[in-house]
Amino acid sequence: MKGAGRCCKLFSVVHHRLFGRTCGFIPYFYADKMQINMKKMALLASISALVFSLGSCKKDYSCKCTYGSGASASSYSSTLANMKKKDASAACKAKGGTSSVSGVTVTINCALD
């Protein structure tokens, strides 16, 4: 129980700073439990921060567009740089559509590759 006094004093100082008064005698095992719980909370907070920071990654995506049909079908692809998947999907679909040149209508279908 050599370190028990130190933990108790540390807890008293923290309690005094939070609540503006000292708390008197605090059993050493209570102070140790508080210290362990704080470590668990710090670990949980750091893991949560890591998960949330990775959730919104921006990446490069490839958009593949096809047009024509049968033997005359052609395709091309383009790169959508530094975008979230949801935004890249919307931008890729926006590249598609229907075009008409000299009375010939061509439908272009685009999707993420």
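The text that follows walks through the structure, step by step, so that each part is easy to find. (Residues numbered from 1 in each chain as written. Predicted model: local features only at pLDDT ≥ 70, side-chain atom pairs only at ≥ 80, totals over all residues. Heavy atoms only, no water.)

**Here's the deal with the sheet that holds strand β4 (residues 104–112)**
Thought 1: Reading across from one edge, β2-β1-β4-β3 is the order of the 4 strands in this open sheet, with antiparallel pairing throughout. For this open sheet the edge positions go to β2 (74–83) and β3 (97–101), each flanked by a neighbour on one side alone. Neighbouring strand axes in the sheet, compared pairwise and without regard to direction, differ in orientation by 25° on average. (Pairing = 2+ DSSP bridges. Helix = DSSP H or I, 4+ residues; strand = E, 2+ residues; numbered from the N terminus. Axes fitted to C-alpha atoms, helices over the stretch in contact; angles between N-to-C directions.)

**A few points about the pairing of β4**
Thought 1: Note that strand β1 (residues 59–67) and β4 share 5 bridges and pair antiparallel. From the neighbouring strand, Thr66 faces β4, where its bridge partner is Asn109.
Thought 2: By the bridge criterion, 5 bridges tie β3 to β4 in an arrangement that is antiparallel. Following the sheet pairing, Val101 is matched in β4 by Val104.
Thought 3: Counted along the chain from β3 to the antiparallel partner β4, the turn is 2 residues long, and its residue Ser102 has a positive phi close to 55°.

**Quick word on the packing of aromatic side chains**
Thought 1: Inspection of every chain in the model, using the stated rule, returns 1 aromatic pair.
Thought 2: Taken together, a centroid distance of 6.1 Å and an interplanar angle of 50° make the contact between Tyr67 and Tyr76 tilted.
Thought 3: For Tyr67, a relative accessible area of 31% corresponds to the partly exposed category. (Phe/Tyr/Trp six-rings, centres within 6.5 Å; stacked < 30°, edge-to-face > 60°. Buried < 20%, exposed > 50% of the residue type's maximum accessible area, 1.4 Å probe, protein only.)

**Here's the deal with the state of the cysteines**
Thought 1: Counted by the stated rule, this structure contains 2 disulfides.
Thought 2: Residue pairing for Cys63: its cysteine sulfur links by disulfide to Cys92, the two sulfurs lying 1.9 Å apart. Since a negative S-S torsion denotes a left-handed disulfide, the Cys63-Cys92 link at about 80° is right-handed. Here Cys63 is found in strand β1, whereas its partner Cys92 is found in helix α3 (residues 85–95), with 29 residues between them in sequence. Both residues of the pair, Cys63 and Cys92, belong to the buried class.
Thought 3: Two residues, Cys65 and Cys110, share a disulfide whose sulfurs are 2.0 Å apart. Judged by the torsion about the S-S bond (115°), the Cys65/Cys110 disulfide is right-handed. (Disulfide = S-S within 2.5 Å.)

Keep in mind these numbers describe shape, not what the thing actually does.
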